[in-house]
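# Coordinate analysis (summary)
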Amino acid sequence: MNSPSNKEKLDFLFSQIKSCQRCPLSASRSTLVFGDGNPDSRIVFAGEAPGKEEDLQGRPFVGRSGQLLSEMILDVFRLQRKDYYITNILKCRPTINQEMIKDRPPAPEEIASCMPILMEQLKIVKPDVIVAIGSSSTKALLNTNEGITTLRGKWSVFKDIPLLPTFHPSYVLRNGGKNSPQYAMMIADLKKARERLL
Ligand code: URA
C-alpha cells in the first residue's frame with residue numbers, strides 16, 4: 001500500500017483538530033483557520049493569527065494584509081497561493097472581547113496550546129525554509145523577546161529548519177504600504193528567503 005501523501009496527512013490532521021477546544025478562543029471563532037496551499041511546498045509562511053476575514057472564510061491571509069502579502073510573494077517568488085503553504089501560529093482569531101470587534105496579539109497561553117498544531121504541520125510539509133511573518137510569530141517560533149526590527153532579515157533556525165523573520169504586511173500597510181521603507185525591507189527579506197531555495 002502507498003504511504004499517505006502530505007495532502008492526506010494534512011487532511012487527517014485537520015480532521016483531528018477542527019473542533020479543537022484547547023483554549024477559550026474556540027468559543028468565539030467562526031472557523032478554525034488551519035492552513036492553505038501546497039502540502040509539498042519547499043517554503044512555509046507562518047503568520048500570527050486569523051483576523052476577521054480569515055475567521056469568516058476559514059483561510060489564512062485573505063484580508064487586506066493577506067492580499068499585500070500574496071502580491072509580494074508573487075513578485076518575489078513568482079508563486080501563486082496554490083504553490084506554497086501558508087498558515088499561522090494561532091488557528092483561531094484573538095479579539096479584545098467577545099463582541100469580536102478588535103483584534104489583539106496572541107496571548108502566551110494561546111500560543112502554547114496552539115503551537116503543537118503548527119509543529120505537526122511542519123513535520124508533514126517538511127519545508128526547506130520557514131518565513132516568520134511579523135513580530136508575534138517570530139517571537140513565538142524563536143522563543144525570544146527581541147524586536148522584529150532587530151530580527152528581520154536575519155537567518156535563524158527552528159527545529160533544524162532555516163527560518164527568516166520579516167515584517168507583518170499589516171505593519172507595512174500602517175507605514176504607508178508600497179511606498180514605505182518597510183515595504184522595500186520586506187521585499188529584500190523575501191528575496192533573501194528566495195536565494196535559499198535556489
Ligand atoms: N494576519 C495574520 O497574521 N494571519 C492571517 O491569516 C491574517 C492576518
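These notes cover the structure that comes with them. Nothing here was measured: the structure is a model prediction, and the numbers come from that model.

## Observations concerning the pattern of salt bridges
The full count for this structure, using the stated rule, is ten salt bridges. The partner of arginine 59 in a salt bridge is aspartate 36, with the nearest N and O atoms 2.9 Å apart. Placement of arginine 59 in the loop between α3 (52-57) and α4 (64-77) and of aspartate 36 in strand β1 (residues 36-37) is noted, with a sequence separation of 23 residues between them. Note on aspartate 36: relative accessible area 17%, which makes it buried. Between aspartate 83 and lysine 82 there is a salt bridge whose closest N-O contact spans 3.0 Å. By relative accessible area, aspartate 83 is classed as partly exposed at 23%. Residue classification places lysine 82 among the exposed positions, given a relative accessible area of 61%. Three or more residues are tied together by salt bridges with common partners; here these are Asp36, Arg59 and Arg81.

## Quick word on the site of the ligand
Near the ligand you find Gly47, Glu48, Ala49, Glu54, Pro60, Phe61, Ser65, Asn88 and His168, and these make up its full shell. Contact between the ligand and asparagine 88: a nitrogen atom at 2.8 Å from a side-chain N or O atom of the residue. Between an oxygen atom of the ligand and a side-chain N or O atom of histidine 168, the distance comes to 2.8 Å. Protein chains shield 92% of the accessible area of the ligand, which is 230 Å² for the free molecule. According to the grid-proximity analysis, the pocket containing the ligand is the largest pocket.

## Considerations on empty space enclosed by the protein
Over the atoms a probe the size of a water molecule is rolled, and this reveals where empty space is left. Counted according to the given criterion, the structure contains one cavity of 30 Å³ or more. A volume near 110 Å³ is recorded for the largest cavity. Looking at the largest cavity, it is lined by 14 residues, and the ones nearest its centre are Cys20, Arg22, Cys23, Cys92 and Cys114. Going through the elements one at a time, α2 (25-28) and α5 (108-125) are the ones with two or more residues in the lining of the largest cavity. If you tally residues by element for the lining of the largest cavity, the top one is α5, at three residues. Grouping the amino acids of the lining of the largest cavity by side-chain chemistry returns seven nonpolar, three polar and four charged.

## Some thoughts on the packing of aromatic side chains
Given two aromatic rings, one states the distance between the centres and the angle between the planes to describe the pair. Scanning the entire structure with this criterion turns up four aromatic pairs. With a centroid separation of 5.2 Å and 40° between ring planes, the pair formed by phenylalanine 14 and phenylalanine 34 is classed as tilted. Here the residue phenylalanine 14 occupies a position in helix α1 (residues 6-17), and phenylalanine 34 occupies one in the loop between α2 and β1, the gap between them amounting to 20 residues. According to the relative accessible area criterion, phenylalanine 14 is partly exposed, its value standing at 31%. Where phenylalanine 167 meets tyrosine 171, the ring centres are 5.0 Å apart and the plane angle is 50°; that geometry is what we call tilted.

Cut-offs applied
- Residues numbered from 1 in each chain as written.
- Predicted model: local features only at pLDDT ≥ 70, side-chain atom pairs only at ≥ 80, totals over all residues.
- Heavy atoms only, no water.
- Salt bridge = Lys/Arg side-chain N within 4 Å of Asp/Glu carboxyl O.
- Helix = DSSP H or I, 4+ residues; strand = E, 2+ residues; numbered from the N terminus.
- Buried < 20%, exposed > 50% of the residue type's maximum accessible area, 1.4 Å probe, protein only.
- Near = heavy atom within 4 Å.
- Polar contact = N/O pair within 3.5 Å; in protein donor to acceptor, adjacent residues only side chain to side chain.
- Areas by Shrake-Rupley, 256 points an atom, 1.4 Å probe, with all protein chains shown as cover.
- 1 Å grid on protein atoms, 1.4 Å probe; cavity = no way out; pocket = protein on both sides within 12 Å on 5 of 7 lines; lining within 4 Å.
- Sits in = over half its atoms within 2 Å of the grid points.
- Points joined across faces, edges and corners; volume = space filled by probe spheres on them.
- Nonpolar A, V, L, I, M, F, W, Y, C, P; charged D, E, K, R; others polar.
- Phe/Tyr/Trp six-rings, centres within 6.5 Å; stacked < 30°, edge-to-face > 60°.

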